[in-house]
Amino acid sequence: MDYARSESMMKTARALLASLVILSAGALISGCQSDPDIDITKLGLNNDPPDVLYNQALANMKAGNMAEAARKFDAIDRENPFSEWARKALVMSTFVKYRQGKIDDALASGNRYMAQYPKSEDAAYVQYLIGLSYSKQISDVTQDQRASSKTIEAMQAVIDNYPDSEYVDDAQAKIRYARDQLAGKEMQVGRYYLERKEYLAAVSRFRIVVEKYPNTNQIEEALARLVEAYYAMGIVEEAQTAAAVLGHNYPDSQWYADSFKLLQSGGAEPRENKGSWISAAGRKLLLGS
């Protein structure tokens, strides 16, 4: 997401950019620098009309001075509450804070915008920025994955509430990535239990992946690990079913080749038990659900 794209979201901003009015700070400072009680860093923020401040903020964005742009957008919001200029400034403030990496601030302003203006012309954009902000917080699967859940929730709101917006495709991509992360977390914990021969605990984690996150990049390994865990417990029929489902869906997978070899080492082979929960999950997987 770059400046040009954000600017395109706001028709009024495009019009304003055509006639930028940049005040001369030097003229203001020269007239006041002798007064020790005046904070020259705040000159203009309380006196300039919101349209001038907005122009100045856009000019700062264009110049790459995001900190100053944020300061001016926040001044508009603070000095002209609930006005149309404040609404537009809150949109841009959310974007600027996201670009600055101030994710908590971006989320705060974005959520405030959605609470106040859920039906506005820029609501889809702001909801998308909220999703992007959560997505930025997603960490390695060895870490907490609450940001992944929040990303899914925020981006699903884009899809559900603004289905015709241009952000839907990327929202879907971010959801897929977040789901991969959640599935990856379950796999990481499941492997931990498997290595320690805590097979029931391992199976419970792999089952979550198969049933809740079937269309993720973790599904092949999850099925193979079920083969491994069930076989280690002596529950051969379930191991055979997991291998059969894996083979039906991913016949060329190395995970399937490894599972087949494991069963074969004990004189067994993949065979599906239609009454197994794995078989039911496999049917859903074949349907792409």
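Residues numbered from 1 in each chain as written. Predicted model: local features only at pLDDT ≥ 70, side-chain atom pairs only at ≥ 80, totals over all residues. Heavy atoms only, no water.

Asker: So, the packing of aromatic side chains: which residues are in play, and what are the values?
Answerer: This model, assessed by the stated rule, comprises 7 aromatic pairs. An aromatic cluster of three or more residues is present, and its members are Tyr54, Phe73 and Trp85. Above the ring of Trp85, the side-chain terminus of Lys88 is found at 3.8 Å from the ring centroid. For Arg207, the ring lying beneath its charged end belongs to Trp277, and the centroid distance is 4.2 Å. (Phe/Tyr/Trp six-rings, centres within 6.5 Å; stacked < 30°, edge-to-face > 60°. Lys NZ or Arg CZ within 6 Å of the ring centre and 35° of its normal.)

Asker: How would you sum up the packing of helix H5 (residues 66-79) against helix H6 (residues 84-100)? Please name residues and give values.
Answerer: With their axes 8 Å apart at the nearest point, H5 and H6 run at an angle of 150 degrees to one another. Looking at the two axes, H5 sits roughly antiparallel to H6. When the axes of H5 and H6 are compared, the crossing they make is left-handed. Residues Met66, Ala67, Ala70, Phe73, Asp74, Ile76 and Asp77 of H5 form the contact with H6, whose own contacting residues are Trp85, Ala86, Ala89, Leu90, Met92, Ser93, Val96, Lys97, Arg99 and Gln100. (Axes fitted to C-alpha atoms, helices over the stretch in contact; angles between N-to-C directions. Helix = DSSP H or I, 4+ residues; strand = E, 2+ residues; numbered from the N terminus. Parallel < 35°, antiparallel > 145°, perpendicular 65-115°, else oblique. Left-handed = near helix turned anticlockwise from the far one by under 90°. Contact = heavy atoms within 4.5 Å.)

Asker: Please provide a residue-by-residue account of helix H9 (residues 146-161), values included.
Answerer: For H9, built from 16 residues, the straight-helix expectation of 22 Å at 1.5 Å per residue is met to within 8% by its first-to-last C-alpha distance of 22 Å. Turning to H9, its buried residues number three or more, namely Ala147, Ser148, Thr151, Ile152, Ala154, Met155, Ala157, Val158 and Ile159. As for H9, its buried residues are in contact with helix H8 (123-136) and helix H10 (168-195). (Expected span 1.5 Å × (residues − 1). Buried < 20%, exposed > 50% of the residue type's maximum accessible area, 1.4 Å probe, protein only.)

Asker: Could you give me a rundown of the nonpolar core, with the residues and numbers involved?
Answerer: Most often, soluble globular proteins have nonpolar side chains that are buried together. Within the largest apolar cluster, 77 residues are counted, with the highest numbers of intra-cluster contacts made by Met61, Phe73, Val210, Leu223 and Leu226. With 9 residues, the single largest contributor to this core is H8. (Core = buried A, V, L, I, M, F, W, Y, C linked by side-chain atoms within 4.5 Å.)

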